[in-house]
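Residue-level structure breakdown
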Amino acid sequence: MACLPDYAELHCLSNFSFLRGASHAEELVERAAALGYSALAITDECSLAGAVRAHQAAKEKGLKLILGTEIRLQDGMKLVLLATDRRSYGAISSLITIGRRRSRKGSYSLSRTDVEALSGKEVLVLWIPGDFGHAEWLAKAFPGNAWIAAELHCGPNDRARLNALQELSRRSGLPLVAAGDVHMHLRSRRRLQDLLTAIRLRRPVNECGHHLYPNAERHLRLRMRLAQLYPPELLAETLTLAERCDFSLESLRYEYPEELVPEGETPTSWLRRLTAEGLRERFPSGVPAKVAELVGHELALIAELRYEPFFLTVHDVVRYARQNGILCQGRGSAANSVVCYALGITEVDPARMNMLFERFVSKERNEPPDIDVDFEHQRREEVIQYVYRKYTRSRAALAATVICYRAKSALRDVGKALGFPAEEIDRAAKSFAFWDHPIEPTSQWFELAQTLRGFPRHLSQHVGGFVISRGPLAELVPMENAAMPERTVIQWDKDDLEALGLLKVDVLALGMLSAIRRALQFVGMSMPDVPPEDPAVYAMIQKADTVGVFQIESRAQMSMLPRLRPENFYDLVIEVAIVRPGPIQGGMVHPYLRRRRGAEPVAYPSLEVKKVLERTLGVPIFQEQVMQLAVVAADFTPGEADRLRRSMAAWRRSGSLQQFEDKLKSGMTRNGYSLEFADAIYRQILGFGEYGFPESHSASFALLVYVSSWLKCHRPAAFCAALLNSQPMGFYSPSQLVQDAQRHGVEVKPPDVNLSDWDCTLENAALRLGLRMVKGLSEEAGKRLAAGRPYASVYALDLNRKDLRCLAAAGALRSLAGHRRLAHWSAAGAGRRAPLDAPATERLPGLEPPREGEDIIADYASLGLTLGRHPLALLRSRLSRLQLLTAEELRLCSHGGTARVAGLVTCRQRPDTASGVIFVTLEDETGCINVVVWNRLAERQRGELLGARLLGVQGVIERDGEVVHLVARRLFDHSALLGPLAAASRDFH
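Residues numbered from 1 in each chain as written. Predicted model: local features only at pLDDT ≥ 70, side-chain atom pairs only at ≥ 80, totals over all residues. Heavy atoms only, no water.

1. Some thoughts on the packing of aromatic side chains
By convention here, two paired aromatic rings are described through the distance between centres and the angle between planes. Rule in force here: A pair of Phe, Tyr and Trp rings is counted when the ring centres sit within 6.5 Å of each other, with Trp represented by its six-membered ring. The angle between the planes then sorts it: under 30 degrees is stacked, over 60 is edge-to-face, the rest tilted. Helical segments are the DSSP runs of H or I of at least four residues, strand segments are the runs of E of at least two, and each set is numbered from the N terminus. The buried label goes to any residue with under 20% of its type's maximum accessible area, the exposed label to any with over 50%, and the partly exposed label to all in between, with areas taken from a 1.4 Å probe on protein chains only.
One pass over the structure, following the stated rule, counts 14 aromatic pairs. Ring centres of Tyr388 and Phe466 lie 5.2 Å apart, and the angle between their planes is 75°; on these two criteria the pair is classed as edge-to-face. On the criterion of sequence distance, the pair formed by Tyr388 in helix 14 (residues 380-391) and Phe466 in strand 11 (residues 456-468) is long-range, its members being 78 residues apart. A single burial state applies to Tyr388 and to Phe466, both of which are buried. Seen from their ring centres, Tyr538 and Tyr706 are 5.8 Å apart, and the 40° between their planes marks the pair as tilted.

Now the structure itself:
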């Protein structure tokens, strides 16, 4: 039997060649390794976006990976460029950047002149001939580094094409090499590849004609099959190229920016000086011994790993924000270090916390620390542009976010490609709720859509992760234009950066910071002025009176508050973290609550474990505690504990916790712990695989929880106004926020052109809605109106007809024209006209005012809320005849009883838990109703659950203290009773 030839595939596209490649990079690597390939080149079109994923997969499989790119020049010439070393990789990455940056998002443009710049940089070039007229240029531009690629796909003229290529090689002096133009790992992906082509061309498959490949040969083929197609020397030549390609992403070395260090200082000395100055400001009476010890340990480790520029970079960004009055707050494990406290990156005093420093810095791994900085969401762009100005676009760019196909988008695109009618596609897509994950393969359409799910569709920009380098960033990773103007993104996402240990400074947006800053401005305070540990604030929190408050406003959090009953700041830290899938799935919530109530004893198997778990009553609630347990009870090193944390986050995808199970259990039993204790800890770790919250993040968030709660408790009008001015943000709609403020005694006044600013404002103790609440009114017109007050007539407003109609619809012309019908009449005659067509003064007609119901409908349509009676107050007599209780009546019902209710659907939420429960919040004129819909009922009555605006529920009452839920047994759609009322729900996954 003949020996199989060795072979290296040099031309292969993954699905990061968007809508071309039909396989994930990991699938291609796994298949190439299984086939015994000597190497595999991933050469996505003008992209290195899939390089890191391929690199990680190849490292795991022991396969040599070659990195490169496929490009098509402006004259139609098609080339594959392969990196041989760090220099050639940088040159290819820079070329991709040039092509992408000079074009709009999603496209590129390159010329021969651009490619000639690679000459002499040891880039290997494969030419895929369309016509044979480019050989002379290629041989001259890349002597000794250019080949002609012979790509044979069992076509009718393969033999003739091979002969022609061999003749071209002889005449040009360019050697010939075999290549596959691979688009998929298996031939069975052929149907999906055809669909991708149809989606790319925006036409059904049956209209794509010659744009479709004639067969499925563009897959990773058996070496036996390749030996039948290619002369042996062409296969052997692939190994010659592969041997020359000696570059790996492992060799990338990140260099931090240097310009933040003044002359005469080193990064180490400058960070130490800034830290010392900050500590003196934080502790004017002297630095406590514990803090001094912590900061010494941190600075020593930072210096050893040379991370000073990272901390200095974050400090500089925070300094800019604070100097410009932009509220910001650091979080993450590194953010809650003493160094970051001293530098002003966080306001959480680490002396109050018990942080594991190796959670973010470890000698055993060469990875950057974790600091996220949240900025006011409406002013973050100022910070982003500061970074671009300081480091220039050649050295700073945002990380990418890979936008992938989800169930609905996959169904829609596959349906269009298969030629289904638009109505049928729409109906199928709408049958999927926002919480649906897999698509059941009940037909070819659904089967293909399920395969497409998870495929990358395009690159977007990360929410704020900046990559900043000392030299040109394009030599490290390609950059391209974002969809937003004045933004540049790299082609790697945050996971890619973390895998390679590259610096990312997170400049994130947080709506609550905008709201807090506005509220504090209303009342003339700053965050340090907020009195700590106010009993009235904790009393409000314990009653779950937290609508609009940061983090603890969700249904699950509000259910927990009366049971946990926070009494101090650290209780808030626990509250933020405990209502997460990690503690819930790990079975940690109920033991903690029982121990907190004194219903269960707190016991520790050792003094070491007690030190770790005492602050959470013997129950691990935070990620850091799991890591500390591994260290003190199972003899893990801090670096091993951090790898455990990473595996906890990934085990659902990869099942990678098995390697730690044996070490954890054997370490614990060796140290005298029982097997039952070891098993319990391991089960809790599996729970954290669902999502465990770090104590460091929770501490930073808890500070914002307290400040926002204090504002709601003591300054409700200012708090509500600030929330409205900071929309869109948070869990609740403006309508719910206004109703909650009214229930707390706040007088809310309607928008009026003679009384309102653009923003909502305070009039003594009352809240005046701003013109920003008027749907359709332009900001420019609204601010101009506010600046020109007062007005004597509608004509004096000098607005176009559209803006006037918006104001009339919102009732904002009441002081000038009266009720809505008169306002519409006045607005119709007062729009800007040509100079010779001046309006004549006329008397207003005697129009009847709208009925109450009409005004409410108009309020919701134009403002999204009403200051009049709740819509259900008008329907109450009809609802009572249907034996439907109000929210207030439901709160008085006993546990275990049955009840029927109805309310406007304001929120649907499906947390990421195994139970598959959907929480629905209903609203009526007396308050809110919390409904629990189990998965089986949700599937059976999906139409009512997703489609109803006014939802009726028949169910069983569950009461736990003050917390009341109605567990649904049957759903009813009463939306017809609302008529045209526009009531929208906020849905969360």
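We are not done yet, so read on.
2. Describing the nonpolar core
Applicable threshold: In this description, a nonpolar core means a group of buried Ala, Val, Leu, Ile, Met, Phe, Trp, Tyr and Cys residues linked to one another through side-chain atoms lying within 4.5 Å. Throughout, a residue-residue contact means that at least one pair of heavy atoms, one from each residue, lies within 4.5 Å.
With 128 residues, the main nonpolar core has Ile71, Leu79, Leu138, Leu249, Phe311, Phe466 and Trp492 as its most contacted residues. The biggest single contributor to this core is helix 12 (residues 308-323), with eight residues. Residues in contact with Leu79, not counting those within four places in the same chain, are Thr69, Glu70, Ile71, Leu73, Val115, Val125, Leu126, Trp127, Ile128 and Leu138. Core analysis: the next-biggest nonpolar cluster, separate from the first, contains 96 residues, Ala702, Val738, Leu797 and Ala823 among them.

3. As for the pattern of salt bridges
Let me state the cut-off plainly: A pairing counts as a salt bridge when a side-chain nitrogen of Lys or Arg comes within 4 Å of a carboxyl oxygen of Asp or Glu.
All told, the structure shown has 51 salt bridges when counted by the stated rule. Between Arg244 and Glu122 there is a salt bridge whose closest N-O contact spans 3.0 Å. Placement of the pair is Arg244 in helix 9 (residues 232-244) and Glu122 in the loop between helix 4 (112-116) and strand 5 (124-128), with a sequence separation of 122 residues. Arg244 gets classed as partly exposed once you look at its relative accessible area, which sits at 30%. Between Asp803 and Lys802 there is a salt bridge; the shortest N-O distance is 3.8 Å. What makes Asp803 buried here is its relative accessible area of 5%. Residues joined by salt bridges that share partners form a network here, namely Arg20, Glu45 and Glu70.

4. So, helix 24 (residues 589-597)
Along an α-helix, a turn takes 3.6 residues, which lines up residues three or four apart on a common side. Those residues of helix 24 lying buried are Val589, Pro591, Tyr592, Leu593 and Arg595. Directly after helix 24, the chain includes Gly598, whose backbone phi takes a positive value near 85°.

5. Focus: the sheet that holds strand 4 (residues 78-82)
Short version of the rule: Strands pair, by our definition, only if DSSP identifies at least two bridges between them. Helix axes are fitted to C-alpha atoms over the stretch in contact, other axes to C-alpha atoms as well, and angles between N-to-C directions run from 0 to 180 degrees.
With respect to topology, seven strands assemble into an open sheet ordered 1-2-3-4-5-6-7, the strand pairing being mixed. Only two strands of the sheet have a single neighbouring strand rather than two, namely strand 1 (8-9) and strand 7 (176-178). Along the sheet, helix 3 (residues 86-101) makes contact with strand 3 (64-72) and strand 4, crossing strand 3 at roughly 35°.

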